[in-house]
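Chain by chain, the residues:
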Amino acid sequence: MPKLIKKEIRITTPLADKVIKSLKTGDKVLISGIIYTARDVAHKRLVDAIKDKEKLPFNLKGQIIYFTGPTPAPPDKVIGSAGPTTSSRMDSFSPALIKKGLKGMIGKGPRGKEVVDAMKKYKAVYFAAVGGAAALLSKRIKKSEVIAYEDLGTEAIRRLEVEDFPVIVVNDIYGDDLYLKGMKRYAM
Amino acid sequence: MKEIHFNDIADKIAQMCIDAACNLDEDILSALDRAIEIEKSTLGIEVLRQLKENAEIARNESLPVCQDTGMALFFVEYGEDVKIKGGLLNDAINEGVRQGYKKGYLRKSIVNDPITRRNTQDNTPAIIHTELVAGNNLKINFKIVGAGCENMSKIKMLKPTEGIEGIKSFVIDTVKEGGINACPPLIIGVGLGGNFEMCAILSKKSLMRPIGQPNKRMEIASLEEDILKDINKLGIGPAGFGGRVTALAVHIETYPCHIASLPVAVNLNCHASRKKALIL
């Protein structure tokens, strides 16, 4: 039985191909650098922009998108609580972004076949952060700035600077899946 | 007749919203402690510890436990001998939600219409269920209802002859299908009987109980225990990363129903069980 627990791996964004190839399902990863937030409506707008051949608000190449809609920042903080939201709501949009160079996504819950296939084909990784650990995760965010779709409020695209942001690899580029593996191991 | 002022209700509700979002109750914290003791997966234990640490950070820094500070849900027991001065109960509650979500820097997650979807900017309206009771108390039970787990909840009208086995397999299948998305370890609210809308309300009501407090009827309490055991055999585990603790508790509430019906509602609740109560 392969061990699911490993030492934490530190990676920085944008993600190099070498790093992506080295990441395996079940790896505990600490991300540092810039990541971008986007959820439902922002995804729809990004994919519409690609369809209409418009310029995107940020270059997707090598980047990570974090599926989150934070609480408002209190006066003494850079951001409010910011945990992952359910990723499957982004399934119909993610493949188009992966095709454009997106290399990582952070969310919670399983992804659809179309996303898993795109991740394998274009070499991208899906990470999970712990759902409901939003206060803890917010402490790893050092800067936050709205860069697009400000009208969407909490759903706007934010550029976050993160330091040792804790995630775990769910889907690697080799087609492995932590949720399936974990369930199989502990089912009675 | 007891008079309660509109503003008193609104102020108390505002405080209750912030308190619920940032301070988890003892029942969920000790349920997580018990889970740490029985979990077999090392990664699962790490997740559970992270959740405890998260609760501590939230409390110390007045940060919401989860960024989804939800739709505000109220079960009100309105004493017949209570008179609200200065306005209507529902307006007072919504005013409290408006103030609390602003003052507490909670996320405003409500859109005005399911189709046009414009954010109302103040997290109103709340969902309010009011029951008229005897006496001169106004009891307000509040719950923050996030969408992650709510979206994975289900309702089914079973055939009466499907019985206990039918109920069990519907609850377990619901967890199997959507459990990972709902932020496990879960608290599972089950409404049995009544009719279509009643069983849904019962499933939600059951989640207002302290976590793990069994149903008063022995046979229902043992059904809760049975279903919990089966759910924890699924292997989903904390955060869905695999493990023995997929659910912390199963709560069932029942109501009489039609000879031809066996309605079942399964309301999944994430581990961030945020509820508060107050009596005025």
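Residues numbered from 1 in each chain as written. Chains lettered and ligands numbered in written order. Predicted model: local features only at pLDDT ≥ 70, side-chain atom pairs only at ≥ 80, totals over all residues. Heavy atoms only, no water.

Caption draft 1: Region of interest: the side chain of Asn23 of chain B. All names here are of chain B. Following the sequence through the fold, Asn23 ends up in the loop between helix H1 (6–22) and helix H2 (26–38). What makes Asn23 buried here is its relative accessible area of 18%. Within the structure, the side chain of Asn23 is placed 2.7 Å from the side chain of Asp19, a separation counted as a polar contact. Beyond its immediate sequence surroundings of up to four residues, Asn23 is in contact with Arg59 and Lys276. (Helix = DSSP H or I, 4+ residues; strand = E, 2+ residues; numbered from the N terminus. Buried < 20%, exposed > 50% of the residue type's maximum accessible area, 1.4 Å probe, protein only. Polar contact = N/O pair within 3.5 Å; in protein donor to acceptor, adjacent residues only side chain to side chain. Contact = heavy atoms within 4.5 Å.)

Caption draft 2: Seen up close, the interface of chain B and chain A. Listed by partner, the interface residues are 39 residues for chain B and 44 residues for chain A. Taken over both partners, the interface formed by chain B and chain A buries close to 3,400 Å², and the fraction arising from carbon and sulfur atoms is 65%. When the buried surface of chain B facing chain A is broken down by residue, Gln67, Tyr105 and Phe241 of chain B rank first, second and third, together holding 20% of it. Linking chain B to chain A there are 3 salt bridges. In this structure, Glu61 of chain B engages Lys139 of chain A in a salt bridge whose closest nitrogen and oxygen atoms are separated by 2.6 Å. When the residues that make up the side of chain B that touches chain A are grouped by side-chain class, the tally is 17 nonpolar, 14 polar and 8 charged. (Buried area = accessible area lost by both parts, 1.4 Å probe. Salt bridge = Lys/Arg side-chain N within 4 Å of Asp/Glu carboxyl O. Nonpolar A, V, L, I, M, F, W, Y, C, P; charged D, E, K, R; others polar.)

Caption draft 3: Inspection of helix H4 (residues 113–122) of chain A at higher detail. Residue and element names in this part refer to chain A. Residues Val115, Val116, Ala118 and Met119 constitute the buried set of H4. Relative to the axis of H4, the buried residues are bounded by an arc of 160 degrees and lie together on one face. Pointing more than 90 degrees away from the buried face of H4 are the exposed residues Lys113 and Lys121. Along its buried surface, H4 packs onto helix H3 (94–99), strand E4 (104–107), strand E5 (125–128) and strand E7 (157–171). (Arc of directions from axis to C-beta.)

Caption draft 4: Local environment of empty space enclosed by the protein. Inspection of every chain in the model, using the stated rule, returns 3 cavities of 30 Å³ or more. Taken as a whole, the largest cavity holds about 60 Å³ of empty space. Contributing elements (two or more residues each) for the lining of the largest cavity: strand E5 (138–145), helix H5 (147–150) and strand E9 (262–269) of chain B. Taken together, the residues of the lining of the largest cavity break down into 7 nonpolar, 3 polar and 4 charged. Looking at which domains feed residues into the lining of the largest cavity, each of domain 1 (2–20 + 65–145) and domain 2 (148–273) of chain B supplies at least three. When its volume is computed, the second largest cavity comes out at roughly 40 Å³. Surrounding the second largest cavity, Lys108, Gly109, Ala129, Gly131 and Tyr179 of chain A together with Ile180, Cys183, Pro184, Ala239 and Phe241 of chain B form its lining. Tallied by class, the residues present in the lining of the second largest cavity amount to 7 nonpolar, 2 polar and 1 charged. (1 Å grid on protein atoms, 1.4 Å probe; cavity = no way out; pocket = protein on both sides within 12 Å on 5 of 7 lines; lining within 4 Å. Points joined across faces, edges and corners; volume = space filled by probe spheres on them. Domains from an automatic or database assignment.)

Caption draft 5: Highlighting the domain arrangement of chain B. Residue and element names in this part refer to chain B. What the domain assignment reports for chain B is domain 1 (2–20 + 65–145) and domain 2 (148–273). On the side of domain 2, 9 residues touch domain 1, which itself brings 10 residues to the contact. Together, the buried faces of domain 1 and domain 2 total about 740 Å²; carbon and sulfur atoms form 75% of this surface. Linking domain 1 with domain 2 are 1 salt bridge, by the criterion used here. Among the salt bridges present, the one from Lys205 reaches Glu131, with a minimum N-O distance of 3.6 Å.

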